[in-house]
Structure formats: C-alpha cells, structure tokens
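The chain contents come next:
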Amino acid sequence: MVDLSVNLNGLILKNPILTASGTYGYADEYDDFLSVKNIGAIVTKAISLEPRSGNTGRRIMETDAGMINSIGLENMGIKAFLENVLPKLEEERISYIVNIAGATFDEYIELGKICENSRIRAIELNLSCPNVHAGCLEFGTDEGSLYSLVNAVRNVYSGKLIAKLTPNVTDITKIAIAAQNAGADLISAINTVKASGVRISYVRGKFYQERINGGLSGMGIKPVALRAVSSISEAVNIPIIGMGGISSLNDIFEFISVGADAFQIGTANFTHPTIAEDLVNQLAEFIEYNGFASYEELKNKIREDIKNE
Amino acid sequence: MKKIYKGRVTEVKQAATDLYYIKISAANFSANAGQFISVLCDNCTLRRPFSVMDCENGVITILFKLKGKGTNYIKNLKEGDDIDFSGPFGNGFSLTDKRSLIIGAGVGVAPVLFLKKEFDKKGVESRIIGGFLNKDAIPANINLDMISTDDGSLGKKGSIVNFLKDEIKNYAPYRIYACGPSIVLEKICETASQYGIQTQIAMEKEMACSIGVCRGCAITLKNGKNATVCKDGPVFSGEDIKW
C-alpha cells in the first residue's frame, strides 16, 4: 500500500484528496457511488448557528466552463448537525472537517465554542461566501476584520483551524498573512469567484433575461485558483489546501507545483460522483508506478524539478 | 441502487419538432415511472437530467427537447456510441389501485407514458390525455386517449387544462397524475383541488448534483420546508406545492 498520508500542520489525513464544502452534503448521498471513508476528508456543507433556508429563486446556472451558484448557505444548523449527522460520520469512520459560517462575529465565536466542546478535530471557516449579504463576505475581504475574527475563534477552539479565502479581493496575500498571524493552522483557497450568469431569449418579438448573481466554480476558475495559491504560498508558511476546478491528476500536479499541499474537489463531484475516490486511486497508482516512496516524496519531487528548471 | 452506467446507444430518432427519442441499452438498469437519469454530455460541466419514458429488457427510452449544448450532443450520438449516464434518481410516482387520470403536456408526456404502462401492467384502470402546442409538437408513435393542441391542428383546440373539468366529470378519477410546464401543473392542481381530487405531479428544475446535496433545485413547500426536485421529487403531491 502506497503511503499517501499528509501531515498538514498537525492535521493528519490518510491522503490529500478532500471534497469541498457544499458539494458533498454530509457525505451520505455518495454512499451508492463510492466508499466515502477512502477520501482524505470531506468538508461538510457550511453549517450556521441556526438553520437557514437559503435563497429563493434561481440557485444555479451552468456557464461555458463551470457553474454559478447562489444557494445562500441552506443548512440544518449546528444543533441538528451534531445530533443527527455527526454520529453517523463517526460510526462510518468518515474523516470530516466542519465548515462553519456565522452571520455575525459573535456567531463564529459561538460556533467555535460548540465545535470545541464537541471535540471536532478540524474546522474550516467560511470567510467568503459570496451569496450572503450580511456576514462572512466582509470578514473575508478586509484583513483587519479577518484577523480579529480568526483570532477570536482561535482563542476558543483548540482543534485545527482552516481559513477558507475568497479570491474576490485586491490582494489575497494580505488576507492570507492576516489569517496566519491570527493563528490559522491552514489556508484553503479559493472559494467561488463572484460572477453573473445571464441568458437572453427572444420570444414572439420580445427579449427576456434570466440572471443569477453568485459564485462561479468549476474548470473555468482553475487559472484564478492557481494564481491565488501561488501568491499565498509565497506569502505564508502554513500549508495550503488548493481548490478551484480540479478534476484530474494533472490538475493536482499543477496545484502542487504552485504550492498546494492538499486538494479539495468541488464541482467535479456533481458531474463525476466517484471522482474523489478515483483521484485517490490514480494518485496511488502514479506514485507506485513511478517508484516514489510516498505522496510527500512525489510532492517534493515536483517542486524540486520545477525549481531547477 | 444509484450508480454510473456505461450504456450503448441503439437508436436516436426525431420524434417531433425539437423533440427526439434516444434508446440506450444498459444491462441491469431499472427504474420506476417518474424517476430520471442524468446524462454526461461532452463539454458540459453538468449532467443533463431526463425522465425515463420507458425501461424494459435493459433498454431505456428517453424523450428530450433540443435546448442547447447538452441536448445537441445527445441528438448527434449514433447507434453503437457509448453513453455515460447515472441514476435512477428521484422518487417516482406512487401508484394507486383506483381509477386514475394521467396528463402530459409537451415533453412532459414522457414520464406519464411510462406511468400509463405501469398502470396497464397492474390492470388498474387509467386514462391518459396530452396537450401540445400544435400537431408537429406531438411525439410520433405514442398512444393517448385524448389530445388537445393550442392551435387546434390536431385533436381538441385549446390548452389541455381547458378540458380538465369535463374530464373529471366524465371520468371521475380517484387521482390525477401530471407532468408538464409549471404553469400547466399549477392549473391542474387548482382544478383538481376544487373537486377534492389528489394529484401527483412531476416537476422540472435545472439541477447540478441529482442527489440532493447541492440544493440547487430546491423549492419551498407549503409547510415552509425546502425540498429538492432531484431527491425529494421529482414527483410531489400537488397539495404540498407552494405555487
């Protein structure tokens, strides 16, 4: 068995393939397609203090090379999650990270405390949802606010703290440095890119517009993500979980080359529900076939070769 | 069980203006009326969901409307081509053993033709009626007990909902099953409730995941709760829908 394990600043996972928040629910629906326990970790759908019903109206639209969503953080709330979902994840030995989204500063602290008391071993702070007007977006775009927030959660939560960053900022390195200085153990990037999807139809002499304002994901944002991860990795020394349009082993190599240590698969799960496990297997096969000892060795080899080019 | 299937195209043929049939051979696949499959299309981020119109002896029939990139890809598939689809998804219709009226509007006739076949197999009395834009919009080779067209070019003239009261009076169904555009379903449910008749309707919505996780196709029910068309539906009790 090839050693795919990663030690991400103390967060030890059996492999570096994770599934992105919002694309995997709470794992149960993927049971029919694959063994979820073989994935490095699933990141839960964002969980808020109280249940949220999400946005009304159109919530998704496919684009030329991706999709736009405006779900609005529909979720069951932390209480129902702890009661109904967590025991199942534990029982099935699924490795999970809880993504939390507060509507206010205080809600993040409260969520952090609850996760501490429930001994959740890692949380990802959703600092950047583009689809909720009040709350997380402002924390993700201003380094001062982000520092205060991450630091406040750090003070109440002793598990591994991941700051998920938005690309919708002028300089992502400042935000990343603020997250690191505030005590984040890891950074994950990028969240979706602010976008509009528009469709025009012409029916019986009249034009009609269908429109969605939301977050763009999928292969179209991969270049944006590579640039962001690259910039972040030059600015901080904590590990980075890269994401944005990943759907193949080659995409993973690209992200390694710009500084990502682990990866989240997002939109591709919708199209290829087995992809997360497929990539774990493909990564193991590549490592074995090419005679590397482990994922860590492969990662270092990619970076060294590129440095020496 | 839901899974990814690698099927083989056995036939693609035009059914009406903008409508096509595709037949897919896929061993071990089975579905109930009202369930759907999601087809992987070249150069599309998302799979395309389609109601199953028929499924027998390992051959699935889908009726689809040409809308864009995805459906054009499917239309251009040839006999013998591989096709990647996942399913079966959704809940499907729940059958009654009492006399039922079945209504299909436009391409929405597909899942209810499958339902009609299931009723016939069970020996339950049912009547199927369909409404279309005009005679060129009616899929070839389908059997309906009554047809209406908006322009009167075939069958009765006018929207199918205009004939619903007469149908209810004459046929006295215990339940009404329907699939079609939202506006048609709303009117069907409204009329049915006036007569105290239960409805089961198959809804349509753009989807991403097909399994209820992305919440992209969620609708709000009368009780204030959200339901996904892909997993909690696509078939709902008409009484539960907030129009």
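These figures come from a predicted structure and were not determined experimentally.

Some details on unusual backbone geometry
Residues and elements named next belong to chain B.
Alright, step 1. Cis geometry is adopted by the peptide bond preceding Pro-88, which originates at Gly-87 and carries an omega value of -5°.
Alright, step 2. Mapped onto the elements, Pro-88 comes out in strand β7 (residues 82-89).
Alright, step 3. For the peptide bond that leads from Gly-233 to Pro-234, omega is 0°, which places it in the cis range.
Alright, step 4. Here Pro-234 shows up in the loop between β15 (226-228) and β16 (235-237).

Focus: empty space enclosed by the protein
Alright, step 1. With the rule as written, the count across this model stands at one cavity of 30 Å³ or more.
Alright, step 2. Considering only enclosed or pocket space, the largest cavity measures out at about 40 Å³ in volume.
Alright, step 3. Taken together, the residues that form the lining of the largest cavity break down as six nonpolar, three polar and one charged.

A few points about the interface of chain A and chain B
Alright, step 1. Taken together, the contacts link 28 residues of chain A with 24 residues of chain B.
Alright, step 2. Carbon and sulfur atoms supply 54% of the area that chain A and chain B bury against each other, a total of about 2400 Å² over both sides.
Alright, step 3. When the area that chain A buries against chain B is broken down by residue, the three leading residues are Glu-29, Asp-32 and Glu-62 of chain A, summing to 27%.
Alright, step 4. At the boundary of chain A with chain B, the tally comes to seven salt bridges.
Alright, step 5. If you list the elements that add at least two residues to the side of chain A that touches chain B, you get β5 (60-63), β6 (66-69) and α8 (268-271) of chain A.
Alright, step 6. The leading source of residues in the side of chain A that touches chain B is β5 of chain A, at three residues.
Alright, step 7. For the side of chain A that touches chain B, the residue count by class is 10 nonpolar, nine polar and nine charged.

Digging into the packing of aromatic side chains
Alright, step 1. Overall, the coordinates contain 15 aromatic pairs over all chains when judged by the stated rule.
Alright, step 2. When the ring of Phe-105 of chain A is compared with that of Phe-139 of chain A, the centres are 6.3 Å apart and the planes differ by 55°; the resulting orientation is tilted. Of the two residues, Phe-105 of chain A sits in helix α2 (residues 105-117) while Phe-139 of chain A sits in helix α3 (residues 136-141), which places them 34 residues apart along the sequence.
Alright, step 3. Residues Tyr-5 of chain B and Phe-85 of chain B carry aromatic rings whose centres are separated by 5.3 Å and whose planes lie at 10° to one another, so their mutual orientation is stacked.

Comments concerning the environment of Asn-223 of chain B
All names here are of chain B.
Alright, step 1. Following the sequence through the fold, Asn-223 ends up in the loop between β14 (218-220) and β15.
Alright, step 2. Linking Asn-223 and Asp-240, residues 17 residues apart in sequence, is a C-alpha distance of 7.4 Å.
Alright, step 3. Reaching out from Asn-223, the side chain makes a polar contact with the backbone nitrogen of Lys-225 at a distance of 2.8 Å.

Overview of the layout of surface pockets
Residues and elements named next belong to chain A.
Alright, step 1. Quantified by volume, the second largest pocket comes out at close to 810 Å³.
Alright, step 2. Thr-23, Ser-217, Gly-218, Gly-266 and Thr-267 are, among the 43 residues lining the second largest pocket, the residues nearest its centre.
Alright, step 3. For the lining of the second largest pocket, the elements supplying multiple residues, two or more each, are β6, β14 (262-265) and α8.
Alright, step 4. At three residues, the largest contribution of residues to the lining of the second largest pocket is made by α8.
Alright, step 5. Its residues placed into classes, the lining of the second largest pocket shows 18 nonpolar, 22 polar and three charged.

Comments concerning the domain arrangement of chain B
All names here are of chain B.
Alright, step 1. Taken domain by domain, chain B holds domain 1 (3-89), domain 2 (100-202) and domain 3 (204-236).
Alright, step 2. The partner domain 3 presents seven residues to the six residues of domain 1 that form the contact.
Alright, step 3. Sorting the residues of domain 1 by area buried against domain 3 places Phe-36, Leu-46 and Phe-89 first, and these three jointly supply 58% of that buried surface.
Alright, step 4. Taken together, domain 1 and domain 3 are joined by zero salt bridges.
Alright, step 5. Counted by class, the side of domain 1 that touches domain 3 contains four nonpolar, two polar and no charged residues.

Criteria and thresholds
- Residues numbered from 1 in each chain as written.
- Chains lettered and ligands numbered in written order.
- Predicted model: local features only at pLDDT ≥ 70, side-chain atom pairs only at ≥ 80, totals over all residues.
- Heavy atoms only, no water.
- Helix = DSSP H or I, 4+ residues; strand = E, 2+ residues; numbered from the N terminus.
- 1 Å grid on protein atoms, 1.4 Å probe; cavity = no way out; pocket = protein on both sides within 12 Å on 5 of 7 lines; lining within 4 Å.
- Points joined across faces, edges and corners; volume = space filled by probe spheres on them.
- Nonpolar A, V, L, I, M, F, W, Y, C, P; charged D, E, K, R; others polar.
- Contact = heavy atoms within 4.5 Å.
- Buried area = accessible area lost by both parts, 1.4 Å probe.
- Salt bridge = Lys/Arg side-chain N within 4 Å of Asp/Glu carboxyl O.
- Phe/Tyr/Trp six-rings, centres within 6.5 Å; stacked < 30°, edge-to-face > 60°.
- Polar contact = N/O pair within 3.5 Å; in protein donor to acceptor, adjacent residues only side chain to side chain.
- Domains from an automatic or database assignment.

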